[in-house]
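Summary of structural features
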Amino acid sequence: MSAFKVLFGDRAAAIGAFLIISLVLVAIFAPALATHPADVAEFHLDKRLQAPSMEHWFGTDRMGSDIFSRILFGARITITIAVIAVGASVVIGVPIGLVAGYYGKWIGGAMMRTSDVFLAVPQIVLAIAIAQTLGPSVENVILALSVTYWPFWARLVYAETRALKPQIFIEAALALGASDLRVMVMHILPNIASAIIVRTSIGMGVTILTAAALGFLGLGAPAPTPEWGRMISEAREFLPAAWWYAAAPGLAIFVVVMGFNLLGDGLRDILDPKIRRGSK
Amino acid sequence: MRRLQIILSRLVWLVPTLFGLTLVVFLIANVVPTDPARIIAGENATAAQVEELRHELGLDKPLHQQFGRYIYGLGTGDMGKSLYTARPISQDLLSRLPATLELTVVAILIAILIGVPAGVISAIRRNSLTDQVLRVLSVSGLAVAGFWLAMELQMFFSTKLGITPLNGRISGFGPEKYTGFLIVDSLLAWDMESLRDTFMHLLLPAVTLALPAAATLVRFTRAGVLEVVNSNYVLYESAMGMPRSLITWKYILRNALVSTVTQIGLIFGALFAGAVVVEAVFDWPGLGTYAVQSIMRSDNKAIMGFSLLVGFVFVIVNLMVDIVHTFIDPRTLE
């Protein structure tokens with residue numbers, strides 16, 4: 001209960017949480033909320049490229065499908081990609097960073113050099129290469145993003161673990177006979193959890209932007225999937241006449257990413273009182 | 001001496017990092033067995049011709065031998081030939097590098113000129129209306145999809161208003177090519193018309209790239225300044241009755257901007273990533289467009305060459321940041 005109070009006490013976190021909860025609700029209830037739910041797959045070529053109206057709130061696309069309905073269904077794809085890709089990166093990256101930071105020496109060095117390799121080129125470059133090799137589909141986008149994103153978490157956890165390792169409470173736990181595994185999971189992990197949570201929220205935003213960029217380049221789900229990045233690239237040849245076509249998915253991406261960034265910022269303020277004092 | 005040590009150890013690590021990167025990209029490229037020999041030979045080639053070409057290119061060898069051959073080639077500066085341009089990849093990359101560097105450097109200059117002062121103002125006038133507006137703007141700047149912004153700007157300023165050119169780096173042939181950097185070349189040739197044209201072409205892509213970079217800088221500068229403002233020594237200087245402006249300029253900014261310098265280095269890397277997509281929208285003849293084209297055509301060696309070059313630039317930029325860091329914050333040498 002008190003956790004919710006704190007969360008909604010911070011304005012940025014509250015707005016972010018509100019936007020994300022809305023996104024999740026929209027994704028779940030897309031079939032009920034959509035004005036033309038069938039338009040995800042159906043064409044009405046006689047109604048193509050109509051400007052926004054009472055009938056079609058966000059206008060229609062090149063196939064005459066209702067853009068508003070497609071945006072709602074697109075939220076499902078966006079959430080799926082972001083949650084699985086970021087989740088997988090965390091699951092891979094956190095243990096690696098933890099072990100590397102805890103043992104240091106050559107194990108840690110070797111693990112971090114491995115992550116250096118992945119960090120040496122922009123994430124999107126490797127992701128494009130992987131997605132292109134495997135073929136365009138949502139699953140492959142998720143795979144490409146996970147494979148290229150875990151090093152960020154490994155790095156973060158590595159640095160935090162290194163900073164905690166020499167602390168007295170760790171030494172005390174070890175002196176009491178706690179195993180290495182126990183120290184890592186029960187003593188170090190809880191202390192770096194807030195940093196991981198904050199990064200996860202911001203990482204969701206980053207991942208959504210990267211996934212949309214892959215969709216824009218034609219590497220995401222094939223047509224007629226209502227993926228937001230793909231919708232923007234479809235709209236390109238009809239600009240500037242059909243201004244609404246690209247505006248709707250672009251704004252949808254903006255709002256969702258903004259939600260995750262605000263939540264991340266807010267959580268940072270809440271979870272790290274030192275910074276909080278500085279910024280307020 | 002310590003400085004030299006840091007530089008050397010970084011340079012030594014450059015080799016295994018780039019080797020690993022080559023391996024990773026090589027593996028990605030070979031996950032699905034495509035047949036480059038078939039593509040190069042063309043549709044009308046007979047099976048025997050394809051086989052011959054495959055042998056010539058070494059594609060009939062096992063993967064580890066192909067990899068060894070590639071690494072050996074790299075040692076002699078040979079990255080292989082592109083499947084499509086049929087030119088040496090190193091040549092392709094070098095001819096496109098200036099376009100991307102020019103774009104990213106202009107973008108980062110714009111970002112610094114806007115982001116750093118805005119961050120300082122935001123921190124000094126904490127919680128004022130200016131601060132609130134700047135904070136909302138910086139959060140928004142990080143949430144915009146670059147390719148979408150690029151398209152919207154292009155639609156509005158180029159297609160609708162016709163103020164800026166639609167795409168490319170310059171209209172016509174441009175000035176005599178000495179460096180490949182059109183701003184420099186225009187100045188060398190003292191060709192003001194080309195210079196103006198270059199800037200007009202640069203405007204939209206550079207602004208698109210600069211926006212998230214500026215937003216990041218505002219946030220980091222603000223946080224950095226705030227941390228210092230609340231430190232004990234600033235409290236002490238204030239208690240000693242030093243003028244506020246002196247404290248701000250001499251004591252706060254110098255210390256606060258250390259983290260901003262690090263951030264600028266990281267941002268430069270992010271700009272290379274952003275350039276991949278933004279270049280695609282503006283048809284900018286740089287590395288990003290080349291990478292996207294190579295990837296779409298499964299031109300594996302070109303992709304590997306691009307990744308290696310970007311990895312190299314990344315590591316060098318980070319090294320430079322570390323070196324600059326040791327000068328503005330001597331504590332890192334201890």
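Here the structure is a predicted model, which means the values were calculated and not measured. (Residues numbered from 1 in each chain as written. Chains lettered and ligands numbered in written order. Predicted model: local features only at pLDDT ≥ 70, side-chain atom pairs only at ≥ 80, totals over all residues.)

**Digging into the overall build of chain B**
When helices and strands are counted, chain B shows 13 helices and 0 strands. Listing each helix as α and each strand as β along chain B from the N terminus yields α-α-α-α-α-α-α-α-α-α-α-α-α. A principal-axis box enclosing the C-alpha atoms of chain B has dimensions of 90 × 55 × 40 Å. Long-range contacts, defined as pairs at least 24 residues apart, comprise 71% of the intrachain contacts of chain B with a sequence gap of at least 6. (Helix = DSSP H or I, 4+ residues; strand = E, 2+ residues; numbered from the N terminus. Contact = placed C-beta atoms within 7 Å.)

**Quick word on the overall build of chain A**
Each helix and strand counted, chain A has 12 helices and 0 strands in total. In chain A, the succession of α and β elements from N to C terminus is α-α-α-α-α-α-α-α-α-α-α-α. Seen through its C-alpha atoms, chain A measures out along the principal axes to roughly 75 × 45 × 30 Å. Considering only contacts within chain A whose residues lie at least 6 apart along the sequence, 69% involve residues at least 24 apart.

**With respect to the interface of chain B and chain A**
Taken together, the contact pairs 42 residues of chain B with 37 residues of chain A. Mapped by element, the contributors of at least two residues to the side of chain B that touches chain A are α1 (2–29), α6 (129–141), α7 (146–160), α9 (192–229), α11 (244–282), α12 (287–296) and α13 (300–328) of chain B. Examining the composition of the side of chain B that touches chain A, we find that 8 residues originate from one element, α1(B), more than from any other. When its residues are assigned to classes, the side of chain B that touches chain A shows 31 nonpolar, 8 polar and 3 charged. (Nonpolar A, V, L, I, M, F, W, Y, C, P; charged D, E, K, R; others polar.)

**Section: the environment of B:S294**
All names here are of chain B. Mapped onto the secondary structure, S294 falls in helix α12. By the C-beta count within 10 Å, which is 26 here, S294 ends up buried. For the pair formed by S294 and I267, sequence separation is 27 residues and the distance between their alpha carbons is 25 Å. Once you skip the residues sitting within four places of it in the chain, S294 turns out to touch D299, A302, I303 and F306. (Buried ≥ 20, exposed ≤ 12 C-beta atoms within 10 Å, placed from the backbone.)

**What to know about α6(B)**
Relative to the 18 Å expected for 13 residues at 1.5 Å per residue, α6(B) spans 18 Å between its end C-alpha atoms, a close match to the ideal helical length. Here α6(B) has its buried residues at B:L134, B:S138, B:V139 and B:G141. Buried residues along α6(B) cover an arc of 155 degrees about the axis, so they all sit on one side. Across from the buried face of α6(B), at angles greater than 90 degrees, the exposed residues are B:L129 and B:V133. Those residues of α6(B) hidden inside the fold are in contact with α11 (243–271) of chain A together with α5 (89–124) and α9 of chain B. (Expected span 1.5 Å × (residues − 1). Arc of directions from axis to C-beta.)

**Section: the confidence of the model for chain A**
All names here are of chain A. Residue-level pLDDT values for chain A average 85, and 94% of them are 70 or greater. Across chain A, element-level confidence peaks in helix α4 (residues 67–103) with a mean pLDDT of 92 and bottoms out in helix α12 (residues 273–279) with 48. Confidence drops under pLDDT 50 across residues 276–280; counting only partners more than four residues distant or on other chains, this segment forms 6 contacts. (pLDDT = per-residue confidence, 0-100.)

**Digging into the packing of helix α5 (residues 105–119) of chain A against helix α7 (residues 138–164) of chain A**
Residues and elements named next belong to chain A. Remark: α5 packs on α7, axes separated minimally by 9 Å, with the N-to-C direction vectors making an angle of 135 degrees. Here α5 is positioned oblique relative to α7, judged by the angle of their axes. Where α5 crosses over α7, the handedness of that crossing is left-handed. From α5, M112, S115, F118 and L119 reach across to α7, where they touch T148, P151, A154, R155 and Y158. (Axes fitted to C-alpha atoms, helices over the stretch in contact; angles between N-to-C directions. Parallel < 35°, antiparallel > 145°, perpendicular 65-115°, else oblique. Left-handed = near helix turned anticlockwise from the far one by under 90°.)

**Here we look at unusual backbone geometry**
Residue and element names in this part refer to chain B. The phi dihedral of A86 falls on the positive side, at around 60 degrees, and the residue is not glycine. Considering the arrangement of structural elements, one finds A86 in the loop between α4 (63–75) and α5. The backbone of D283 shows a phi angle near 55 degrees, a positive value even though the residue is not glycine. Inspection of the secondary structure puts D283 in the loop between α11 and α12. Accessibility expressed as a C-beta count within 10 Å gives 13 for D283, which makes it partly exposed.

**Description of the nonpolar core**
Counting 167 residues, the largest nonpolar core has A:V125, A:I128, A:A213, B:A107, B:F147 and B:A213 as its most contacted members. Here this core takes 17 residues from α9(B), the largest share from any one element. Residues in contact with B:F147, not counting those within four places in the same chain, are A:A213, A:F216, A:I232, B:V277, B:V278 and B:V281. (Core = buried A, V, L, I, M, F, W, Y, C linked by C-beta atoms within 7 Å.)

**A few points about the confidence of the model for chain B**
Any region with low pLDDT has predicted coordinates that should not be read closely. Residues and elements named next belong to chain B. Model confidence for chain B is summarised by a mean pLDDT of 83, while 95% of its residues fall at 70 or above. Here helix α2 (residues 36–41) is the element of chain B with the lowest mean pLDDT, 67, and α5 is the one with the highest, 92. At the level of chain-chain contacts, confidence expressed as ipTM amounts to 0.87, with global pTM at 0.87.

**Side note on the environment of B:I183**
Within the secondary structure, B:I183 is located in helix α8 (residues 182–188). When the C-alpha atoms of B:I183 and B:A239 are compared, they prove to be 50 Å apart, with 56 residues separating the residues in sequence.

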